[in-house]
Amino acid sequence: DGDNLNACSLREALKTAEIRKSYGGCEVTDILSTTQKVIQLKAGTYTLNTELTPKVDVSIWGESPVDWQKKSVLTNDYPAQTDLKTTIEVKNNSRIFNTTLANKALALSNIILRNGKTPDRGGAIYAGANVTLQNTKILNSQAGLGGGAIFLAGPTASLSITNSLIQDNQSPIGSVLAMSCFNDNVYSKRDISITGSSLISNGSSSSKSVLDFCGEPKVTLSTNTIAKNIAAIAIVILIQFSGYAIACATPF
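Being a predicted model, the structure only gives us computed values, none of them experimental. (Residues numbered from 1 in each chain as written. Predicted model: local features only at pLDDT ≥ 70, side-chain atom pairs only at ≥ 80, totals over all residues. Heavy atoms only, no water.)

Colleague: Sorry if this is basic, but what is going on with the pairing of strand E12 (residues 131–134) here?
Modeller: On any regular strand, side chains alternate: one points to one face of the sheet, the next to the other face. Residues Val 131 and Leu 133 line the buried face of E12, whereas the alternating positions Thr 132 and Gln 134 sit on a face that is not buried. Of the pairings in the sheet, the one linking strand E8 (residues 106–109) to E12 comprises four bridges and is parallel in character. Counted as the bridge partner of Leu 108 is Leu 133 from E12. The pairing of E12 with strand E16 (residues 159–162) spans four bridges and is classified as parallel. Of the residues in E16, the one forming a bridge with Gln 134 is Thr 162. (Buried < 20%, exposed > 50% of the residue type's maximum accessible area, 1.4 Å probe, protein only. Helix = DSSP H or I, 4+ residues; strand = E, 2+ residues; numbered from the N terminus. Pairing = 2+ DSSP bridges.)

Colleague: Explain helix H1 (residues 10–19) here, please?
Modeller: Because the α-helix completes a turn every 3.6 residues, residues three or four places apart line up on one side. Considered for burial, the residues of H1 that qualify are Leu 10, Glu 12, Ala 13, Leu 14, Thr 16 and Ala 17. Along its buried surface, H1 packs onto strand E1 (37–40), strand E2 (44–48), strand E3 (58–61) and strand E6 (86–90). In the stretch just after H1, Arg 20 is the one whose phi turns positive, near 60°. (Contact = heavy atoms within 4.5 Å.)

Colleague: Please explain the confidence of the model for the protein chain as it appears in this structure.
Modeller: Close reading of the predicted structure is inappropriate where its pLDDT is low. On average, the protein chain scores 91 in pLDDT, and the residues at 70 or more come to 94%. Per-residue pLDDT stays below 50 along residues 243–252; that stretch engages in 20 contacts with residues further than four places along the chain or on separate chains. (pLDDT = per-residue confidence, 0-100.)

This is how it looks when you write it as structure tokens:
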């Protein structure tokens, strides 16, 4: 963080986006105060010791998951689609992203988030503003209170997930997603959309729910695979809304 002028780390890139001038090994490319900042990551694994706290609206892109040396098995044309090439992971029991300090929007594309962990809320993402996930994976994250993968804390923080995988995340409430119900004694209003994605093997025998909705959210779930998720055997609620179940199933 500012100690190597020959390399630009992800943490330094976020600082550069915030202050709109070069920092550490990162060179500034966008000095406007009104634009959403874009950070392009190379392929590889970015390992964190502490959570990232973006102070500006930011879009982070992983390396494009294609191979121009091979043809697609579907189109018989170049390029071939590959597995995701860029991973952000934590090694010291920490969240990955916390946007509640400045309530700024976060967009992620072509990225794997892995091993986020907190005793509080939001194992991978603790959101103070809108979150957009495109072709992203959240794997093996845990939260001690709620939102194993994602917790929406901001009063209007919304969520859009498209073509993504949420797998092996755990929390006592909302192993995939949980949220605050009230802000300033008013029900929180949110737009939540999960489309063309897979929610697989989340939860545990002590989890009360996998998706936990409250407040006044508008929720759309479309063409998803939701399978092999687990909730406490005495409760067995995979999707919960405002204190009652709208979809129940036994563990499988």
